[in-house]
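Reading the structure
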Amino acid sequence: MTFDILNKDNIVDFIGDIFHRRGADSYLGEQVTMSEHMLQGAQLAEQAGAGDILIAAALLHDIGHYTNEFPDDALAKGINNHHDEAGAAVLQAFFPPVITECVRQHVAAKRYLCATDDSYFGKLSDASIHTLNLQGGPMNAEEITEMQKNPHLKEIVQVRYWDDAGKDPKVTTPPFEYYAPILQRVVDGFAG
């Protein structure tokens, strides 16, 4: 499937194509694939009673692993691939700011929570601790203050919690196609 020009009519198919072609990729040392991880995030959001916006944000939070020019194994080699920024950049023309901020800030949210919640670090997987070190470690006081100015902080933190919980190899989720209509509703409702 080729996508010469992305628009609101084909962006969901484009994302679905990524899930189908690359979703079985390893997820940075976790026991789930990339698609299993992102689908688990969406399922957790749905189970929590979240609306379409947060379900979409949870589903798409790691899409940047597929939209940048760094090698697939960059994190394994000790390189931060900045998938948060890459994902937000590709989504911002099609999805509302709360979603792109959840994508852009989900790495920062891990750093934020490590600095502001004494119990949070102990819940991270080994792979997540490894990437935390590559991503700058816990935030300092200045970074915390800046993060707290984000009008979408509550949503960003919630998506981060689903991100952390979406790593269970025993969980079965609906396929991407189940969530595609949710994504399309969000895209159709965004007048970006």
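Our subject is the structure that appears above.
Presented here is an overview of the structure given in this document.

Criteria and thresholds
- Residues numbered from 1 in each chain as written.
- Predicted model: local features only at pLDDT ≥ 70, side-chain atom pairs only at ≥ 80, totals over all residues.
- Heavy atoms only, no water.
- Phe/Tyr/Trp six-rings, centres within 6.5 Å; stacked < 30°, edge-to-face > 60°.
- Helix = DSSP H or I, 4+ residues; strand = E, 2+ residues; numbered from the N terminus.
- Buried < 20%, exposed > 50% of the residue type's maximum accessible area, 1.4 Å probe, protein only.
- Axes fitted to C-alpha atoms, helices over the stretch in contact; angles between N-to-C directions.
- Parallel < 35°, antiparallel > 145°, perpendicular 65-115°, else oblique.
- Left-handed = near helix turned anticlockwise from the far one by under 90°.
- Contact = heavy atoms within 4.5 Å.
- Nonpolar A, V, L, I, M, F, W, Y, C, P; charged D, E, K, R; others polar.
- Core = buried A, V, L, I, M, F, W, Y, C linked by side-chain atoms within 4.5 Å.

Evaluated as defined, the whole model comprises three aromatic pairs. A ring pair is formed by Phe19 and Phe176, whose centres lie 4.8 Å apart and whose planes are at 35 degrees; its orientation type is tilted. Placement of the pair is Phe19 in helix α1 (residues 11–22) and Phe176 in helix α9 (residues 176–189), with a sequence separation of 157 residues. In this structure Phe176 comes out as buried when scored by relative accessible area, which is 6%. Pairing Tyr120 with Tyr161 gives two aromatic rings, centres 6.2 Å apart and planes at 65 degrees, and the pair type is edge-to-face. Here Tyr120 is found in the loop between α5 (97–116) and α6 (126–134), whereas its partner Tyr161 is found in helix α8 (residues 153–165), with 41 residues between them in sequence.

Here helix α3 (residues 52–60) crosses α8 at 50 degrees, and the two axes come no closer than 10 Å. The angle between α3 and α8 falls in the class oblique. As α3 runs across α8, the sense of the crossing is right-handed. When α3 is examined against α8, the residues Leu54, Ala57 and Ala58 are found in contact with a partner set consisting of Glu155, Val159 and Trp162. Taken together, the residues that form the contact of α3 with α8 break down as five nonpolar, no polar and one charged.

So, on to the side chain of Arg111. Here Arg111 lies in helix α5. We classify Arg111 as buried; its relative accessible area is 11%. Excluding anything up to four places from it in sequence, Arg111 contacts Leu132, Gln135, Gly136, Gly137, Pro138, Met139 and Glu143.

In this structure, Ile15, Leu59, Phe95 and Leu183 are the most contacted members of the largest nonpolar core, which totals 51 residues. Mapped onto this core, the elements with two or more residues apiece are α1, α2 (34–47), α3, α4 (83–91), α5, α7 (141–147), α8 and α9. Ranked by the residues each element gives to this core, the list is headed by α5, at nine residues. With sequence-adjacent residues up to four places away left out, Leu183 is seen in contact with Val12, Ile15, Ala56, Leu59, Leu60, Phe95 and Phe176.

With respect to the helices and strands, Cys114 occurs in helix α5. C-alpha of Cys114 to C-alpha of Gly137: the two residues are 23 residues apart in sequence and 8.0 Å apart in space.

These figures come from the coordinates and say nothing about function on their own.
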